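# Structural characterization, general
So the chains spell out like this:
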Amino acid sequence: MSKLPHPKDALFEGEKPFPIIPACEHFAGSEKLITKALEFQNKLGGLFDITMDCEDGAQTGKEKEHAEMIVRIQNSELNKHNMSGVRIHDYTNAFWKQDVDIIVPGAGNKIAYITIPKPTKASQVEEMITYIQGAAKKAGITREIPIHVLIETHGALADVDKIAALPWMQVVDFGLMDFISGHHGAIPASCMKSPGQFDHELLRRAKASCVAAALAHGVIPAHNVTLDLKNQYQTYKDAKRAHDEFGFLRMWSIYPTQIQAILDAMAPDYSEVQTSAAILVKAQDAEWGPIQHDGDLHDRATYRYFWEVLQKAKLTGIAIPEEAAKRFF
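Reading guide: rules and limits
Residues numbered from 1 in each chain as written. Predicted model: local features only at pLDDT ≥ 70, side-chain atom pairs only at ≥ 80, totals over all residues. Heavy atoms only, no water. Core = buried A, V, L, I, M, F, W, Y, C linked by side-chain atoms within 4.5 Å. Buried < 20%, exposed > 50% of the residue type's maximum accessible area, 1.4 Å probe, protein only. Contact = heavy atoms within 4.5 Å. UniProt positions renumbered as here; feature names shortened; annotations may be inferred. Helix = DSSP H or I, 4+ residues; strand = E, 2+ residues; numbered from the N terminus. Expected span 1.5 Å × (residues − 1). Salt bridge = Lys/Arg side-chain N within 4 Å of Asp/Glu carboxyl O.

## A look at the nonpolar core
- By size, the foremost hydrophobic cluster in this structure holds 71 residues, and its most contacted members are Val-104, Ile-116, Ile-147, Ile-151 and Met-169.
- When near neighbours in sequence (up to four residues on either side) are disregarded, Ile-151 contacts Ala-156, Leu-157, Val-160, Ile-163, Val-172, Asp-173, Phe-174, Gly-175 and Cys-210.
- Of all hydrophobic cores here, the second largest spans 22 residues; its members include Ala-10, Trp-307, Ile-318 and Ala-324.

## Overview of the UniProt feature "domain: HpcH/HpaI aldolase/citrate lyase" (unreviewed entry) in the protein chain
- As recorded in UniProt, the sites labelled "domain: HpcH/HpaI aldolase/citrate lyase" (unreviewed entry) are residues 51-243.
- Between the end C-alpha atoms of residues 51-243 there is a gap of 21 Å, over a span that is 46% helix and 13% strand.

## Things to note about helix α5 (residues 122-138)
- The terminal C-alpha atoms of α5 lie 24 Å apart, and with 17 residues this matches the ideal 24 Å at 1.5 Å per residue to within 8%.
- Packing partners of the buried residues in α5 comprise α4 (96-107), β4 (114-116), β5 (147-151), α7 (160-164) and β6 (169-174).
- Backbone geometry just downstream of α5 places Gly-140 in the positive-phi region, at approximately 75°.

## What to know about unusual backbone geometry
- The residue after Ser-194, namely Pro-195, is reached through a cis peptide bond having omega 5°.
- Here Pro-195 is to be found in the loop between α8 (176-181) and α9 (196-199).
- The phi angle at Lys-118 is positive, at roughly 50°, despite the residue not being glycine.
- The backbone of Glu-287 shows a phi angle near 55°, a positive value even though the residue is not glycine.
- Along the chain, the position of Glu-287 falls in the loop between α13 (270-285) and β9 (291-293).
- What makes Glu-287 exposed here is its relative accessible area of 56%.

## With respect to the environment of Arg-72
- Structurally, Arg-72 can be placed in helix α3 (residues 63-74).
- The spatial distance from the C-alpha of Arg-72 to the C-alpha of Leu-297 is 52 Å, given a sequence separation of 225 residues.

## Digging into the pattern of salt bridges
- Summed over the entire model, instances satisfying the criterion amount to 16 salt bridges.
- Overlapping salt bridges bring together Asp-53, Glu-55, Asp-56, Arg-87, Lys-118 and Asp-178 as one network.

## Notes on the UniProt feature "binding site: substrate" (unreviewed entry) in the protein chain
- Per the UniProt record, "binding site: substrate" (unreviewed entry) is found at Arg-87 and Glu-152. These residues run over 66 residues, yet every pair of their C-alpha atoms falls within 14.4 Å of each other.
- Take Arg-87: it is sitting in strand β3 (residues 84-87).
- Look past the residues within four positions of Arg-87 in its chain and what remains in contact with it is Phe-27, Thr-51, Met-52, Asp-53, Cys-54, Glu-55, Asp-56, Thr-115, Pro-117, Leu-150 and Trp-252.

Below, the structure written as structure tokens:
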């Protein structure tokens, strides 16, 4: 093991590094589906996140029991990787504070993130984050609990820059279905699927705005689901287009077969992983000063990019060259 400084120490002095989290987020609502998702997560070795859903997952009248079930599973042995978040109810729903009051004290040290759906303005998100922070403080939880926010209304899109700048923010999610519904027929239902979801001008604008705001504030932009549940290739194509054309770095899954397709589409190119490993090994040997590699000059600015490539490779299951794996992981 090299005694020279590790990239996370050498390349981000005094700065907050960009979050490196899995490229796939799988939604599950019922106890049965959450359990199956955790079993699959353990089988793959923790390559994707799971979002345990209070919003659409809870039966009417059983919201409290549902949140308590989520706390129990969060604290169970099945949750080996601590890579499961929770989507709470939206601001207009009377149960969102109850969700927070149960989930934060019950699982606040294990929960991967809290997802806030359907805000119509930044002030609502700010109020909800403040409430979550207060619940954490009251429970003696000192860590920051990452916050994810769904942009799926006109108001949220108008405030997306303000939302992305809020504290504890980790992910800005684009929610396609509710966003289209909010256009009252101006965007046809066909645009809930490809190619319309990428080609309609209003959707292109919305997606690009979400990605630009997220990246400007050091936050991950996450793409909406593919409705075609069992066509893995369609999921792959959607994830690839979301990543390559729009800059999304994460995507939702709502069916187990979608998970690997998203990971494959969002993964770094294998040749780039090889190049990144070679450059970073050489850079560490040079104590992170400038180097030449294949005739090109590299320094800390490019090292940060290549370090993120290696971290993403690790999180998508791509093999990292042995020397780099030994030094950095």
